[in-house]
Amino acid sequence: MPLVRAGADQAVIRCAVVRDGRESVVELELNPGRANRARLNRSPLTRPRDILGTLSTVLFAPEDLALVKGDPAERRRFLDDLLVARQPRWAAVRADYERILKQRNALLKSAQPLLRKSERGRARRSASIVPGEDPTRAVDDALHTLDIWDGQLAECGSHLLYARLRLLRDLGPHLGTAYGAVSAAVTEAHADYRTSLSGPVAERIGRGEVPEAAQLKEAIRTTLAQSRPQEVERGVTLTGPHRDDVVLRLGDLPARGYASHGESWSLALALRLGAFALLRHDLGTDPVLILDDVFAELDAGRRTRLAELVADCEQVLITAAVPEDVPASLVGRTYAVTLGSVDPS
Amino acid sequence: MYEGAVQDLIDELGRLPGVGPKSAQRIAFHLLQADSDDVDRLVTALTEVKARVRFCTVCGNVAEAELCRICADPRRDPSLICVVEEPKDVVAIERTREFKGRYHVLGGAISPMDGVGPNDLRIKELMTRLLGGTVEEVIIATDPNLEGEATAAYLSKYLRELHVRVTRLASGLPVGGDLEYADEVTLGRAFEGRRLIDA
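Numbers given to residues run from 1 along each chain, matching the order in which its sequence is written. Chain A is the first chain written and ligand 1 is the first ligand written, with later ones labelled in order. Residues qualify for local features only when their pLDDT is at least 70, as the model is predicted, and side-chain atom pairs are given and counted only at 80 or more; totals for whole chains, interfaces and linings, by contrast, use all residues. Side-chain figures throughout are based on the complete set of non-hydrogen atoms in the structure, without hydrogens or water.

**Student:** Please clarify how the pairing of strand β6 (residues 189–194) of chain A should be interpreted in this entry.
**Tutor:** Residues and elements named next belong to chain A. Side chains Ala189, Ala191 and Tyr193 of β6 all project onto a buried face; the interleaved residues His190, Asp192 and Arg194 project onto a face where none is buried. At least two DSSP bridges between two strands are needed for those strands to be called paired. We count a stretch as a helix when DSSP gives it H or I for four or more residues in a row; a strand needs E for two or more, and each element gets its number in order from the N terminus. Bridge analysis of β6 against strand β7 (residues 245–250) gives 6 bridges, and the strand direction is antiparallel. Across the sheet, residue Tyr193 finds its bridge partner in β7, namely Val246. We call a residue buried when its accessible area falls under 20% of the maximum for its residue type, exposed when it is over 50%, and partly exposed in between, using a 1.4 Å probe and counting protein chains only.

**Student:** Mind showing me how you'd approach the interface of chain A and chain B here?
**Tutor:** Interface size is commonly expressed as the accessible surface area that is lost when the partners come together. Listed as interface residues are 23 residues of chain A and, on the opposing side, 23 residues of chain B. Buried area is a sum: the accessible area each of two parts loses on coming together, probed at 1.4 Å, counted once for each and added. Roughly 2,100 Å² of surface becomes buried between chain A and chain B when both sides are summed, with 67% attributable to carbon and sulfur atoms. Between Lys or Arg on one side and Asp or Glu on the other, a salt bridge is scored when a side-chain nitrogen of the former is within 4 Å of a carboxyl oxygen of the latter. At the boundary of chain A and chain B, one finds 2 salt bridges. With a shortest N-O distance of 2.7 Å, Glu147 of chain B and Arg99 of chain A are connected by a salt bridge. Here a polar contact is recorded for every N or O atom pair within 3.5 Å, except that within protein the pair must consist of a potential hydrogen donor and a potential acceptor, and residues adjacent in sequence are included only if both atoms are side-chain atoms. Connecting chain A to chain B are 6 residue pairs in polar contact (both at pLDDT 80 or more). Secondary structure elements with two or more residues in the side of chain A that touches chain B: α3 (90–110) and α5 (135–183) of chain A. Of all the elements, α5 of chain A adds the most residues to the side of chain A that touches chain B, at 8 residues. Under this grouping Gly is polar, as are all residues other than the nonpolar Ala, Val, Leu, Ile, Met, Phe, Trp, Tyr, Cys and Pro and the charged Asp, Glu, Lys and Arg. Its residues assigned to classes, the side of chain A that touches chain B shows 8 nonpolar, 5 polar and 10 charged. Throughout, a residue-residue contact means that at least one pair of heavy atoms, one from each residue, lies within 4.5 Å.

**Student:** Any chance you could explain the pattern of salt bridges here in plain terms?
**Tutor:** Should the charged atoms of two oppositely charged side chains come close, the side chains can pair. This model, assessed by the stated rule, comprises 33 salt bridges over all chains. Linking Arg94 of chain A and Asp81 of chain A is a salt bridge whose minimum nitrogen-to-oxygen distance equals 2.9 Å. Taken together, the residues Arg94 of chain A in helix α3 and Asp81 of chain A in helix α2 (residues 72–86) connect sequence positions 13 residues apart. Residue Asp286 of chain A is joined to Arg280 of chain A by a salt bridge in which the shortest nitrogen-to-oxygen separation is 2.6 Å. Exposure remark for Arg280 of chain A: the relative accessible area of 28% places this residue in the partly exposed category. Through salt bridges with shared partners, a single network forms among Arg104, Asp147, Asp150, Arg228 and Glu231 of chain A together with Lys157 of chain B.

**Student:** Can you help me understand the environment of Ala73 of chain A in this one?
**Tutor:** For Ala73 of chain A, the position within the fold is in helix α2. The spacing of Ala73 of chain A and Ile100 of chain A is 27 residues in sequence and 18 Å in space, taken between C-alpha atoms.

**Student:** Can you walk me through the pairing of strand β2 (residues 22–30) of chain A in this structure?
**Tutor:** Residues in a regular strand point their side chains to alternate faces of the sheet. All names here are of chain A. One ladder, built from 9 bridges, connects strand β1 (residues 11–19) with β2; its direction is antiparallel. Paired with Val18 across the two strands is Glu23, which belongs to β2. In this structure, the hairpin formed by β1 and β2 is closed by a connection of 2 residues, where Asp20 is found at a positive phi of approximately 50°. Across 4 bridges, the pairing between β2 and strand β3 (residues 37–40) is antiparallel. Opposite Leu28, over in β3, you have Ala38 as the bridge partner. Hairpin connection between β2 and β3: a loop of 6 residues separates the two successive antiparallel strands, and Gly33 in this loop has a positive phi of roughly 80°.

**Student:** How do you make sense of helix α10 (residues 300–310) of chain A when you look at a structure like this?
**Tutor:** Side chains of residues three or four places apart in an α-helix project in the same direction, reflecting 3.6 residues per turn. All names here are of chain A. Buried within α10 we find Arg302, Leu306, Ala307 and Val310. Down the axis of α10, the smallest arc covering the buried residues is 135°, so these residues share one side. For α10, exposure combined with an orientation more than 90 degrees from the buried face picks out Ala300 and Glu308. To obtain the arc, one takes the directions from the helix axis to the C-beta atoms.

Take it as geometry only, folks, not as evidence of what the structure does.
What follows is the structure in structure tokens.
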């Protein structure tokens, strides 16, 4: 759904948030083609990302089926978004990591002809210390620059990885409970982290342990060093949190490929409800739960159980195309949205 | 689209950094309505800057002679070199009046995305300066962002081999600011770089 009305040049979203007993007004100005702006209590914020954390929400939408059936990128985004919702400072770490990755990939591509000349991607000591004076120097320069980005990637990547592992450990129990409640099934749902690293640290991650950030950093460096020949050949970074995945399991079977359509829906819903429970526990207050067009996707049993589960949430926003899709047990204010106008019904 | 010369001017202005199409249009019409004297002064300033200004052969700073004002000044300490990305960083440090050494302007920072590698920076010139043996300390004052840090890491790797003292500008809390408004990265760095208070 486009957020800006056809013909208008901007949209403004304004909401009053009550947090810790204080009311604040959040305003977001969406300017297509230009920078979006954010205001908190009528004062403009220099960086829109400073608004993060003012209002926490959990959104469940039909697209969430991709959390179970889609690419690893969907599950990484789920984890990283939840990290930011728990602690807004992760937004900066995530942005830094993306940038380091782009820089490193750009280097691997642009320096590929030079790097290929090096022996298995490792530097020799060249005769001259002054860059550009000795022909083997150019190769070494490219390799040293790559080493520098390896260091940055390991540093920033280890923080991100550590945070994800801790998040998944904390989320696990909430996910299990939510899945049980939604599916009314006896199988248990689990989420395991699958790392692109190799070596003993990776094995510990495989066993569900959370190694120290310093150990993760070392493991990233080691794996980068091992995969360098392939990376030079292919011109992309093959190791790091951007290549990781979360394997969702029902009992002993991986959900991807084995779960039925209904089970997949339950699992996607359980991930969101688990995130809700985790945030509720962390923040000491309920996030706003948004169920966007999802009742139509669920069967009768799951609809009823979802309605029961959300009954004790502080605020739930539900959208539906057909009013009868929403279980009658859910009572609240309803609005009819027709041709851009919103009216109480 | 405007006709001929006006559009040409707008296009040229629009190529300047920080000037978008709207600003370019505003500046163009301002110039169109300005006195010829004012416009002539601007034209002279533009021609002069290209004709007269050069880059210092030693440090790479902007200069009007072979050497810049700082490199030509015998009172500046030749044993200290402060490495910066751009000439405007020299101006910023000069305003502090704290630093009595000399500078080395790299002309940017390592950024593979923008096609800038170590060979595109004036690193070779820096090494040549250091081989002279008079330099005792190199202060790396690149920007405290990813690219600046990468450049600093790259330089320190080479500089260590030359047995000079290599330091990096401290990063941390802005003076006159409030602790509560500092972002986590800045605050975290300030913690790392904390120092003992002399009793």
